[in-house]
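As a plain string of letters, each chain reads:
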Amino acid sequence: MRHKEKVRKAKEALEKSEKRFQDIAASAGSWVWEVDAEGRYTYSSPVVEQVLGYRPEEVLGKFFYDFFHPDERKKLKSAAFNVFRKKEPLANFVAPGIHKDGHVVFLETSGVPIIGPEGELLGYRGASRDVTERVRIEKALRESEEKYRSLVNNVKLGIFRSTPGPRGKFLEVNPAMEEITGYTREELLQMDVSSLYLHPEEREKVLEHMAAATGKVTKELEFRRKDGSVITVSDTKVAVRDESGEILYFDGIIEDITERKKAEEEREKLLRELNRRVNELSCLHELAKSIRRRSTLPEIFQDVARLLEQAWGHPEITRARVIFDNEQYTARVFEPTRWRQSADILIRGEKRGEIEVFYLAPQPFTEEERSLLDNIANTLGEAIERREVEEEKARASAMAAALREADRIKTNFISIASHELRTPLTVLLGFTELLLRREAPEEKRRDWLERIHRESKRLSAIVDDLLNVSRIQSGRMIVEQQPLDLPEIAKEAVQSVAMNERHSVVFDFPEDLSPVLGDRDKLTQILVNLVDNAVKYSPQGGKITVAARQEPEKVIVSVSDQGIGIAPEDQEKLFTTFTRIHRPEVEKIRGTGLGLYIVKALVELMGGEIWVESELGKGSTFFFSLPLFKERGK
Amino acid sequence: MVVDDEENVLALVSAALEDDERFELLLARGGKEALELARREKPELILLDVLMPEIDGYEVCRRLKEDPETASIKIIMLTALVEESGEMKAKAAGADGYLTKPFSIATLRNTLEEILFGPE
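Here is a short report on the structure shown in this document. Remember, it's a predicted structure, so these values are computed and weren't measured experimentally.

As a further point, take the overall build of chain B. What chain B contains, in helices and strands, is five helices and five strands. Sequence separation of 24 or more characterises 59% of the internal contacts of chain B that already satisfy a separation of 6 or more.

Here the focus is the overall build of chain A. Scanning chain A from N- to C-terminus turns up 17 helices and 21 strands. In chain A, which comprises 634 residues, the proportion classed as buried is 40%. Of all intrachain contacts in chain A linking residues separated by at least 6 positions in sequence, the fraction that spans at least 24 positions is 56%. In the structure as shown, chain A presents an accessible area of about 37,500 Å², 52% of it carried by carbon and sulfur atoms.

On to the sheet that holds strand β21 (residues 619–627) of chain A. All names here are of chain A. On the basis of which strands lie adjacent, the open sheet formed by five strands has the order β16-β18-β19-β21-β20 and mixed pairing. The two strands at the open ends of the sheet, each matched to only one other strand, are β16 (503–508) and β20 (610–615). Across this sheet, the average inter-strand angle for adjacent strands is 15°, counted without regard to direction. As paired elements, strand β19 (residues 554–560) and β21 share seven bridges and run antiparallel to each other. Residue pairing in the sheet places I556 in a bridge with S625 of β21. Seen against the sheet, helix α13 (residues 486–495) touches β16, β18 (542–550) and β19 and runs at an angle of roughly 175° to β16.

All names here are of chain A. Contact geometry of helix α9 (residues 258–293) with helix α10 (residues 297–311) gives a least axis separation of 10 Å together with a crossing angle of 165°. With respect to each other, α9 and α10 are oriented roughly antiparallel. Seen from above, α9 lies across α10 with right-handed handedness. Across the interface between the two elements, N279, C283, E286, L287, S290 and I291 from α9 touch I300, D303, V304, L307 and A311 from α10. Here the residues of the contact of α9 with α10 sort into seven nonpolar, two polar and two charged.

Basis of the calculations
Residues numbered from 1 in each chain as written. Chains lettered and ligands numbered in written order. Predicted model: local features only at pLDDT ≥ 70, side-chain atom pairs only at ≥ 80, totals over all residues. Heavy atoms only, no water. Helix = DSSP H or I, 4+ residues; strand = E, 2+ residues; numbered from the N terminus. Contact = heavy atoms within 4.5 Å. Buried < 20%, exposed > 50% of the residue type's maximum accessible area, 1.4 Å probe, protein only. Areas by Shrake-Rupley, 256 points an atom, 1.4 Å probe, with all protein chains shown as cover. Pairing = 2+ DSSP bridges. Axes fitted to C-alpha atoms, helices over the stretch in contact; angles between N-to-C directions. Parallel < 35°, antiparallel > 145°, perpendicular 65-115°, else oblique. Left-handed = near helix turned anticlockwise from the far one by under 90°. Nonpolar A, V, L, I, M, F, W, Y, C, P; charged D, E, K, R; others polar.

What follows is the structure, given as structure tokens:
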């Protein structure tokens with residue numbers, strides 16, 4: 001063949017082979033590449049774009065490790081150059097690379113070294129595949145396996161197969177069974193199942209149950225672990241039978257529920273505690289209501305007794321009693337028993353009583369009941385103390401008020417007495433001064449002298465009254481005890497009372513009126529005073545009646561007028577010193593306010609009583625009683 | 001003006017002062033009458049008894065002093081009261097002076113002169 005022909009054929013062959021290579025590279029799904037001895041890309045197939053997002057031109061001249069994940073770059077670079085140095089082939093090397101748009105791409109790379117004529121490394125030639133998906137799935141699988149494994153391990157679900165019968169054994173156990181029981185698999189397969197039970201007799205019951213059951217049965221059992229500790233497990237198993245119905249074996253699972261049970265017990269305890277608190281609160285609430293509502297202590301104590309009977313654990317056999325200041329209070333009658341609980345009632349540190357709860361039948365008292373009882377006793381004690389303090393305060397304040405009032409009356413007495421004395425004195429002093437000093441016409445002098453005279457008499461009467469009051473109050477009043485003829489004294493008394501023609505006096509005495517026992521002067525004074533009042537307080541005039549009626553032991557005397565009358569609320573104040581009624585019609589009338597006080601004192605000194613009946617605007621009648629004179633021997 | 005529920009006292013003061021030209025007398029027989037008369041006649045001075053029914057003297061004094069129409073009227077209280085607080089009460093009610101019963105005519109005149117005409 002001619003030289004040109006040879007060259008042309010060689011070129012064709014090369015081109016074909018090149019094309020073949022390209023086709024393979026393109027269709028291989030792998031990215032084919034070549035790097036030099038420093039690691040720079042000298043060739044890259046178009047697949048690089050699918051894999052790393054770069055076009056072949058962008059890759060050429062760049063170092064291969066530039067396309068590694070930055071976190072791994074150093075590690076991978078050193079690993080790769082290690083291989084380069086040894087001029088070894090690279091097989092299925094998986095490493096993370098960075099796609100042009102930033103996401104991670106896992107590449108599985110294989111390559112062979114390119115050796116030069118002198119054995120020097122010229123570079124590497126190889127292919128890389130995108131295995132990201134595969135890597136991801138592998139990772140997920142690994143993780144799920146981990147999770148599953150840990151789940152199975154942590155849930156501590158023991159799975160077993162065992163044979164029936166009293167000496168049944170484990171046919172098969174899973175690793176969890178070892179953890180749960182503390183025995184090794186070998187030990188478990190050797191031992192009787194029942195030796196795991198805390199109470200081996202329980203297995204018999206379980207077997208009976210299983211014999212009768214058709215499906216799976218769950219029981220809570222207590223196991224003793226190898227180290228002696230006791231756990232609670234939930235055992236669920238099902239019997240696998242043969243054609244004749246005989247049990248071949250049990251398949252079951254065991255779960256350690258010790259923790260769960262503990263939590264449940266805690267919850268139960270909390271619920272009970274909650275219940276107790278609610279009960280206690282409602283009890284105390286009832287108690288508070290009773291304290292607020294009831295007005296007397298005995299009522300409250302009875303409420304407490306009733307409350308306690310209902311609030312205690314066994315109401316039908318509960319009885320309660322409150323003892324306070326040596327008195328007993330119950331809701332109903334019962335005989336005390338020796339099953340007794342009590343709490344002291346303390347008031348300001350002093351024990352004043354007890355609250356007692358009895359059971360009619362032997363029953364233990366609980367801690368909760370004890371604490372509730374103490375609570376109730378405290379609350380009751382405090383409430384009583386509060387009441388007593390308030391009562392004391394009220395008493396003290398009432399006493400203070402009474403003292404103030406007494407003081408006021410005393411001051412009042414002195415003030416008014418002073419005024420009553422000094423006013424006439426002013427008149428006396430003044431007019432006498434005038435008379436002495438200068439000349440005045442006869443009528444004037446006469447007028448002045450009359451005034452002096454009147455006021456002197458008035459002053460005299462006031463002085464008498466004041467002396468009487470003084471004697472009465474100091475207990476130095478002497479009262480004689482003589483038989484007295486009432487009608488005669490009455491007539492005499494009336495005569496000394498000044499009145500005008502508008503008034504008329506009527507006497508009304510029974511014919512056979514017995515004599516009364518008393519002091520003549522005092523009786524006269526009483527009648528004079530009462531008749532004088534009758535006249536004064538009926539300024540319009542009218543009839544004044546002096547009457548008497550006989551009763552078995554006494555005589556009742558009355559003096560009535562048809563005057564202004566006395567209102568009911570004023571009647572209480574009538575007989576006190578210096579108290580004049582604050583009504584204009586009364587105040588217009590001259591009076592010291594002492595008259596009735598003295599009359600009352602005199603009547604009572606003679607062994608009688610005095611009272612009044614009156615109606616505003618109609619008139620008044622004063623009644624007083626006197627004892628009958630009884631002859632010696634009668 | 002003289003205010004007292006005791007007619008005798010009114011008569012006494014009238015008799016004592018009627019010859020004196022400096023004084024013109026008005027008489028009132030109770031608190032109510034006093035207040036009305038004071039507002040109407042506006043006397044220069046009121047002799048006011050303390051212990052009177054219905055309204056007591058201190059109250060009358062207070063009311064007179066609180067009313068701008070009558071606040072400038074001088075008031076002398078006539079009191080028979082024993083307690084020391086009498087003077088304090090009179091001052092508290094706004095009175096300009098006070099006399100204790102029984103008083104002599106001389107004392108009455110002196111006090112009137114002092115309050116009405118000032119110290120001489």
